[in-house]
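Chain by chain, the residues run as shown.
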Amino acid sequence: MDGGEADDPMTGECGGKRAVHGTLVKVLIHRRNDRGMRLEEFASRCVREGEVHELVTTDRRETAPGTRVDRVGFLGFAEIGCAGVLDRGDQVWIGDRLVGTLLGFDSCHFPNHYNILISAPEPVTGIDLALRPEAGVRFVPAGVIAQSGPREPGGAAPLHAHDLKETR
């Protein structure tokens, strides 16, 4: 591949995508230093509207398949509000707070749900961030800044093309 192919949406994998939004349905308040999660080899996962997945923070940065993730903080469970693709590197927002970047996925509970691992400076929990059920959750593509806009009832911000600003 020459230097330009990765940026060409017709030949590479760097084409645009929609942001995925959802709603926090359960807040979790615990952390572990011995969790033993394992990063899946996949850098992206498709999610369907209505699915519920667990949001987990970690201070790990490694993305190699099989990387063991022990130090974690549990944020909660989020219901996906629109189908889409979650990619490693996406920004993860809850309400108006940037929580971190999507590190990868652990599938120890799949097909019930994925553990969506979020890289943050330190593992934080739902109580650490004062999270509440019905808070809006957004997975914003890397290189895009979420713009504030009208909110849906319950605090979830709808994401549309006009709500996003490219930073590349």
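Residues numbered from 1 in each chain as written. Predicted model: local features only at pLDDT ≥ 70, side-chain atom pairs only at ≥ 80, totals over all residues. Heavy atoms only, no water.

Asker: In this structure, what is going on with the overall build of the protein? I would like to understand it.
Answerer: Of regular secondary structure, the protein possesses zero helices and 14 strands. Sorting the 168 residues of the protein into buried and exposed places 43% on the buried side. Taking contacts inside the protein between residues at least 6 apart in sequence as the whole, the part at least 24 apart equals 71%. For the protein, the exposed area adds up to about 8,800 Å²; of that, 51% sits on carbon and sulfur atoms. (Helix = DSSP H or I, 4+ residues; strand = E, 2+ residues; numbered from the N terminus. Buried < 20%, exposed > 50% of the residue type's maximum accessible area, 1.4 Å probe, protein only. Contact = heavy atoms within 4.5 Å. Areas by Shrake-Rupley, 256 points an atom, 1.4 Å probe, with all protein chains shown as cover.)

Asker: Just to check I follow, could you spell out the pattern of salt bridges for this structure?
Answerer: Any two side chains of opposite charge can pair, given that their charged atoms come close. A full pass over the atoms with the stated rule returns eight salt bridges. A salt bridge links R71 to D59; its shortest N-O distance comes to 2.7 Å. One end of the pair, R71, is in the loop between β6 (68–69) and β7 (72–80); the other, D59, is in the loop between β5 (52–58) and β6, and 12 residues separate them in sequence. The exposure class of R71 is partly exposed, given its relative accessible area of 38%. Here D59 falls in the partly exposed class, since its relative accessible area comes to 23%. Among the salt bridges present, the one from R60 reaches E62, with a minimum N-O distance of 2.8 Å. Judged by relative accessible area, which is 44%, E62 ranks as partly exposed. By sharing partners, the salt bridges in this structure join K17, D87 and D90 into a single network. (Salt bridge = Lys/Arg side-chain N within 4 Å of Asp/Glu carboxyl O.)

Asker: How should I be thinking about the side chain of R138 in this particular structure?
Answerer: Note on placement: R138 falls in strand β12 (residues 136–140). For R138, the side chain forms a polar contact with the main-chain oxygen of G95, separated by 2.9 Å. (Polar contact = N/O pair within 3.5 Å; in protein donor to acceptor, adjacent residues only side chain to side chain.)

Asker: Is there a simple way to think about the environment of R88 in this case?
Answerer: By the secondary structure assignment, R88 is in the loop between β8 (84–87) and β9 (91–94). You can call R88 partly exposed: its relative accessible area is 30%. For the pair R88 and T63, spaced 25 residues apart in sequence, the C-alpha separation works out to 8.8 Å. Apart from the residues lying within four places of it in its own chain, the contact partners of R88 are E40, F42, A43, T63, L102 and L103. Only 3.0 Å separates the side chain of R88 from the backbone oxygen of L103, close enough to count as a polar contact.

Asker: Can you help me understand the packing of aromatic side chains in this one?
Answerer: In the structure shown here, the tally under the stated rule is two aromatic pairs. Relative to Y114, the ring of F110 has its centre 4.5 Å away and its plane inclined at 25°; by these criteria the two rings are stacked. What links up through ring pairs into an aromatic cluster is the set F105, F110 and Y114. Stacked on the ring of F42, the Lys or Arg R45 has its end atom at 3.9 Å from the ring centre. (Phe/Tyr/Trp six-rings, centres within 6.5 Å; stacked < 30°, edge-to-face > 60°. Lys NZ or Arg CZ within 6 Å of the ring centre and 35° of its normal.)

Asker: For this particular structure, what's the right way to read the environment of L39?
Answerer: Here L39 is to be found in the loop between β3 (37–38) and β4 (44–47). Exposure remark for L39: the relative accessible area of 4% places this residue in the buried category. For the pair L39 and L117, spaced 78 residues apart in the sequence, the C-alpha separation amounts to 8.4 Å.

Everything listed here is a matter of geometry and, on its own, says nothing about what the molecule does.
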